[in-house]
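Structural overview for review
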Amino acid sequence: MVIAASLVVFAGGVAGAWKLWEPPKPESATEKEPENVPARMQPVIPRPEVLASAHDIPSARDLPAPSDGIPDVLPPASTAVARNLSTTASATAPVPAATSTEPGVKSVPPETQNTTTQPAAKMSAAEKKIRKVIHAEGQLEKPGNALIRFFAATTWQERLRYSLCPEKVRPLMEQHYKTYAEGPIIPEDIELTRIEATEEDPNRKYYAFVVFLPDVEHGIPVSVEDTKNGCLVEWCSFIEAKDQMLSKFFKGGFRKEPGTFRVLVRRSHYFGDDVPAQEVKECLEVVGPDTAGPYHLWLDKSSVPYTKFFVKGERTRWDISSMMVLTCQWEKTSKGVEYVRLRDVVADSWHPAMLPAQGVAAK
């Protein structure tokens, strides 16, 4: 699969930030609208401060093999699980208990993690099912066990213990589960798409997976980061993809409440004449972590988000998509025309460490 534009990595960012794989740079940086833009795009969870090409985002199955970190226990390929995680998992594999700095969340010191064996008799039925899909062995022992605990959690408070940046994620998770049911998440299959070292510590790794769930059409990206508090799962983009949050917001029609989402966003054209005052608006295109979209999003050129994020730099190009957290707002004209505008930029990255201190709940 040919990638039309390069990734552009800004200076700075959060320690332990993530990044996407880098395709060849384009020969010319002149503004040009790409041709044959695919209708669906498969985003992969990035490191913060990264812009990625939306011209031809690869699917998880099309990603090149990781340059390092292939599990030592990798068996001959036969299924997604066999290719990536092993087929000989033990029912008594060591189980980590991730630590947390979140007040009120019980923590286990890192030195005690992965040193005890969980008896099979004490496992819940859900955990036993999850362990048949996610085999935590070899190099994938720690991230595998983190995913198992994350998916097997029966309450959101328990899931928070295994989530990245719990202090930022807590208000989002609490708000989300007021509407959506808690309980275990049992995957049907999982694919490992990438392993690479974190920037904070080369001895720690970032793991990207795609999880397949019952009754969900597309694979859902889920990532695990090896932190000083153990391997933790990135909850925000995973849950937005799992529960199809962006799609529900746009397809559900007009509502007064705004919604905040992780999206791939880029410049776009709009050929209808129903949206008023298009000459003073920028038309954007957004896609969710679950490849939902693209959907049109309008941005006033006089607004702070436009002048701060979209007037100059890589985002002025047609072939560049940015991973951003955006608050969207439905609008209705006097003639009854409904459209969605960009109300605010919450974060310039999908990484939860880049969220404001109090977080912004997706609605």
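Residues numbered from 1 in each chain as written. Predicted model: local features only at pLDDT ≥ 70, side-chain atom pairs only at ≥ 80, totals over all residues. Heavy atoms only, no water.

**Let's talk about the overall build of the protein chain**
When you go through the protein chain residue by residue, the secondary structure sums to eight helices and 11 strands. Each of the 363 residues in the protein chain was classed as buried or not, and the buried ones make up 56%. Accessible area of the protein chain: about 16,200 Å², with a carbon and sulfur share of 50%. (Helix = DSSP H or I, 4+ residues; strand = E, 2+ residues; numbered from the N terminus. Buried < 20%, exposed > 50% of the residue type's maximum accessible area, 1.4 Å probe, protein only. Areas by Shrake-Rupley, 256 points an atom, 1.4 Å probe, with all protein chains shown as cover.)

**Points about the nonpolar core**
Counting residues in hydrophobic clusters, the biggest one holds 40 residues, and the most contacted among them are Ile-134, Leu-147, Phe-151, Phe-209, Val-224, Trp-235 and Phe-238. Ranked by the residues each element gives to this core, the list is headed by helix α3 (residues 141-152), at six residues. By size, the runner-up hydrophobic cluster in this structure holds 23 residues, among which are Leu-246, Phe-261, Phe-309 and Phe-310. (Core = buried A, V, L, I, M, F, W, Y, C linked by side-chain atoms within 4.5 Å.)

**Remarks on unusual backbone geometry**
Following Gly-293, the chain continues to Pro-294 via a peptide bond in cis, the omega torsion being 5°. For Pro-294, the position within the fold is in the loop between β8 (281-287) and β9 (295-300). Positive phi, close to 50°, is recorded for Gln-244, a residue that is not glycine. With relative accessibility at 34%, the residue Gln-244 sits in the partly exposed group.

**Brief notes about the confidence of the model for the protein chain**
In the predicted model, the protein chain carries a mean pLDDT of 74, and the fraction of residues at 70 or more is 65%. No element of the protein chain has a lower mean pLDDT than helix α1 (residues 80-84), which averages 29, and none a higher one than helix α4 (residues 156-160), which averages 97. Taken together, the stretch residues 1-117 has pLDDT below 50 and engages in 295 contacts with residues farther than four places along the chain or on a different chain. Below pLDDT 50 for its whole length, residues 359-363 participates in 17 contacts with residues either more than four positions away or in separate chains. (pLDDT = per-residue confidence, 0-100. Contact = heavy atoms within 4.5 Å.)

**Digging into the packing of helix α5 (residues 166-176) against helix α6 (residues 235-242)**
At a minimum axis distance of 11 Å, the contact between α5 and α6 shows a crossing angle of 20°. Regarding the angle of α5 to α6, the classification is roughly parallel. The two elements α5 and α6 cross, and the hand of that crossing is left-handed. Only Trp-235, Cys-236 and Ile-239 of α6 make contact with α5, whose side of the interface consists of Val-169, Leu-172, Met-173 and His-176. Grouping the constituent residues of the contact of α5 with α6 by class yields six nonpolar, one polar and no charged. (Axes fitted to C-alpha atoms, helices over the stretch in contact; angles between N-to-C directions. Parallel < 35°, antiparallel > 145°, perpendicular 65-115°, else oblique. Left-handed = near helix turned anticlockwise from the far one by under 90°. Nonpolar A, V, L, I, M, F, W, Y, C, P; charged D, E, K, R; others polar.)

**Quick word on helix α2 (residues 125-133)**
Among the residues of α2, those classed as buried are Ala-126, Glu-127, Ile-130, Arg-131 and Val-133. Projected onto a plane normal to the axis of α2, the buried residues spread over an arc of 155° and lie on a single side. Exposed residues pointing more than 90 degrees away from the buried face of α2 are listed as Ala-125 and Lys-132. (Arc of directions from axis to C-beta.)

**Observations regarding the pairing of β8**
Successive side chains on a regular strand alternate, one facing one side of the sheet and the next facing the other. For β8, the tally of buried residues reaches seven of seven residues, placing the bulk of the element in the interior. Across the two faces of β8 the burial is the same, with Lys-281, Cys-283, Glu-285 and Val-287 and Glu-282, Leu-284 and Val-286 all buried. Relative to β8, strand β7 (residues 259-267) runs antiparallel, the two being bridged by four bridges. Within β8, the residue paired with Arg-266 across the bridge is Glu-285. Relative to β9, β8 runs antiparallel, the two sharing six bridges. Pairing of Val-286 across the sheet is with Tyr-295, part of β9. (Pairing = 2+ DSSP bridges.)

**Some words on the pattern of salt bridges**
Overall, the coordinates contain 14 salt bridges when judged by the stated rule. The residue Glu-285 makes a salt bridge to Arg-266 at a minimum N-O spacing of 3.0 Å. In this pair, Glu-285 is assigned in strand β8 and Arg-266 in strand β7, connecting sequence segments 19 residues apart. According to the relative accessible area criterion, Arg-266 is buried, its value standing at 5%. (Salt bridge = Lys/Arg side-chain N within 4 Å of Asp/Glu carboxyl O.)

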